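Notes for the structure review
Here is what each chain is made of, one letter per residue.
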Amino acid sequence: MSKTKQIILTPLNKFFFGGENFFDAEEGVFYFQTSRDFPQQTTLLGVIRHQILLQNNLMDSNGIKDETTAATWIGAESFSPNTTHHFGKIQQLSPAFISKGGARLQAHWSANKDGTTKEFEWNKTIRASFHSKQKQDMSVIENYSEKGGIEEGFLDVATKKFYRYEEIYDNREAPQIGINKMDRYKNKMTDDEGFYKFKYCRLQSDCAFSFYVEVADDVTLQNAIITMGKERSPFKMEVQDVDKTPFQDIDIQQDSKILLLSDTRVFNEIYDYCSAIISDTISFRNFGRKVSKTDNYAARPSTSSRLNLLKRGSILHISKDADINKVKTLLKDDNFRKIGYNYYTNY
């Protein structure tokens, strides 16, 4: 038997969620780096695994008490993209979303034109093709302009009220020097002498991150103060009992539009079955460890290969003659979905 919990993570200060550029030593570190808006789903999985160990007396200040027992509760290894995993008593994670005053907000993109936001208009079609394939009807988005761009906002799932980005995130946070060097002549830290800058994030005061997790009935999971992200930013973790997750599968139809509720792993072949796509990509790479009593924390953890996922908020307009079974197969990735990726709904 299992139970479902809603996890609410309220930042207690500014935070920084690193991405591919921050961690990739081979490609170098960019001088200016901006925090991602959401924690990676693997980060949320790591938070739950760690809290289960702590709150169920499987771990103390000296580390994990028994590796075999711990593996039974949280799985033996971290997430890896191409490996089928069993995370012990953790059965499923939902995508992260914004909780605003208790309301669930999902990513929602709209056309930004003349200072106002409007839903995309898909009324016209043209004949064209992707990847030198046979020509097909392609949708034309009439009210979009490159100059106006896209407003990557949020939609209240219940009331359908739209929120601009700056109504959710406080973007006034000033950049911070990542590594300082002392100016020996002025006897102070200087911006020019810093190696690189970080642009941290803050949520507005009534906003938090949230997600759902399904765990076995005998798992204890209670409120706590946790840390995550760069420099281990503090968050208040609240745990609430719910009957079930609101994230449910939908039936994809020809000529329908689907909205990605999470970052999604999908192959480029998906473009052949769409008449239009409004999308962006986000890089994915996961750091992993095995459950161990004596981890060498000074050693670099193993890393997965780099992947590019379609970003949450992306919109796919399925073609009128698309092979729906093929579309479902392309969007289906049980390994990623288990931890909250590859979720979508009707647009």
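Now for a quick tour of the structure. (Residues numbered from 1 in each chain as written. Predicted model: local features only at pLDDT ≥ 70, side-chain atom pairs only at ≥ 80, totals over all residues. Heavy atoms only, no water.)

Residues Ile324, Val327, Leu330 and Leu331 constitute the buried set of helix α5 (residues 324–331). Projected onto a plane normal to the axis of α5, the buried residues spread over an arc of 120° and lie on a single side. Every exposed residue of α5 that faces more than 90 degrees away from the buried side is listed here: Asn325 and Thr329. Two to three positions downstream of the cap, the backbone nitrogen of Asn325 sits 3.2 Å from a side-chain oxygen, assigning the N-cap of α5 to Asp323. (Buried < 20%, exposed > 50% of the residue type's maximum accessible area, 1.4 Å probe, protein only. Helix = DSSP H or I, 4+ residues; strand = E, 2+ residues; numbered from the N terminus. Arc of directions from axis to C-beta. Polar contact = N/O pair within 3.5 Å; in protein donor to acceptor, adjacent residues only side chain to side chain.)

Within the element layout of this structure, Thr264 appears in the loop between β20 (257–260) and β21 (274–278). Classification of Thr264 as buried rests on a relative accessible area of 1%. In this structure the side chain of Thr264 is engaged in a polar contact, spanning 3.0 Å, whose partner is the backbone oxygen of Ser262. Those residues in contact with Thr264 that lie beyond four places of it in its chain are Leu309, Leu310, Leu331, Asn342 and Tyr343. (Contact = heavy atoms within 4.5 Å.)

The terminal C-alpha atoms of helix α2 (residues 41–55), which comprises 15 residues, lie 21 Å apart, in line with the 21 Å expected from a rise of 1.5 Å per residue. Note on α2: the residue one or two positions beyond its end, Asn57, has a positive phi of about 60°. (Expected span 1.5 Å × (residues − 1).)

Taken together, four strands build an open sheet; the order of strands is β21-β26-β20-β27 and the sheet is antiparallel. Each edge of the sheet is formed by a strand with only one pairing partner; in this case those strands are β21 and β27 (344–346). The average undirected angle you get between the axes of adjacent strands in this sheet is 25°. Sheet analysis places β20 next to β27, joined by three bridges and oriented antiparallel. Bridge assignment links Leu260 to a residue of β27, and that residue is Tyr344. (Pairing = 2+ DSSP bridges. Axes fitted to C-alpha atoms, helices over the stretch in contact; angles between N-to-C directions.)

The backbone phi angle of Asn57 is positive, close to 60°, even though this residue is not glycine. Tracing the chain through its elements places Asn57 in the loop between α2 and β3 (59–60). Relative accessible area serves as the criterion here: at 53%, Asn57 is assigned to the exposed category. A positive phi angle, near 60°, is found at Asn342, a position not held by glycine. As for its placement among the helices and strands, Asn342 is situated in the loop between α6 (334–337) and β27. Take Asn342: its relative accessible area is 1%, and that puts it in the buried class.

This brings us to the nonpolar core. Counting residues in hydrophobic clusters, the biggest one holds 51 residues, and the most contacted among them are Ile7, Leu9, Ile98, Ile168, Tyr169, Phe209 and Val213. Once residues lying within four places of it in the same chain are set aside, the contact partners of Ile7 are Ile48, Phe209, Ser210, Phe211, Val213, Leu221, Met237, Glu238 and Val239. Grouped together as the second largest cluster of nonpolar side chains are 16 residues, Ile252, Leu316, Val327 and Tyr344 included. (Core = buried A, V, L, I, M, F, W, Y, C linked by side-chain atoms within 4.5 Å.)

Relative to the elements of secondary structure, His85 occurs in the loop between α3 (67–74) and β5 (90–93). Here Ser80 takes part through its backbone nitrogen, which lies 2.7 Å from a polar atom of the side chain of His85. Each residue touching His85, except ones within four places of it in the same chain, is listed here: Glu77, Ser78, Phe79, Ser80, Asn335 and Lys338.

Here we take up the packing of aromatic side chains. Taken as a whole, this structure holds 19 aromatic pairs when the rule is applied. Centre to centre, the rings of Phe15 and Phe209 are 5.5 Å apart; their planes meet at 75°, and the pair counts as edge-to-face. Taken together, the residues Phe15 in the loop between β1 (2–11) and α1 (20–23) and Phe209 in strand β17 (residues 207–216) connect sequence positions 194 residues apart. Pair check on accessibility: Phe15 and Phe209 agree, each one buried. Considering the side-chain rings of Phe79 and Phe336, the 5.2 Å spacing of their centres and the 85° angle between planes classify their relative orientation as edge-to-face. (Phe/Tyr/Trp six-rings, centres within 6.5 Å; stacked < 30°, edge-to-face > 60°.)

α3 packs onto α2 with a crossing angle of 130° between their chain directions and a minimal axis gap of 10 Å. Regarding the angle of α2 to α3, the classification is oblique. Note on packing geometry: the crossing formed by α2 with α3 is right-handed. Here α2 contributes Arg49, Ile52 and Leu53 to the contact with α3, which in turn contributes Ala70, Trp73 and Ile74. Taken together, the residues of the contact of α2 with α3 break down into five nonpolar, no polar and one charged. (Parallel < 35°, antiparallel > 145°, perpendicular 65-115°, else oblique. Left-handed = near helix turned anticlockwise from the far one by under 90°. Nonpolar A, V, L, I, M, F, W, Y, C, P; charged D, E, K, R; others polar.)

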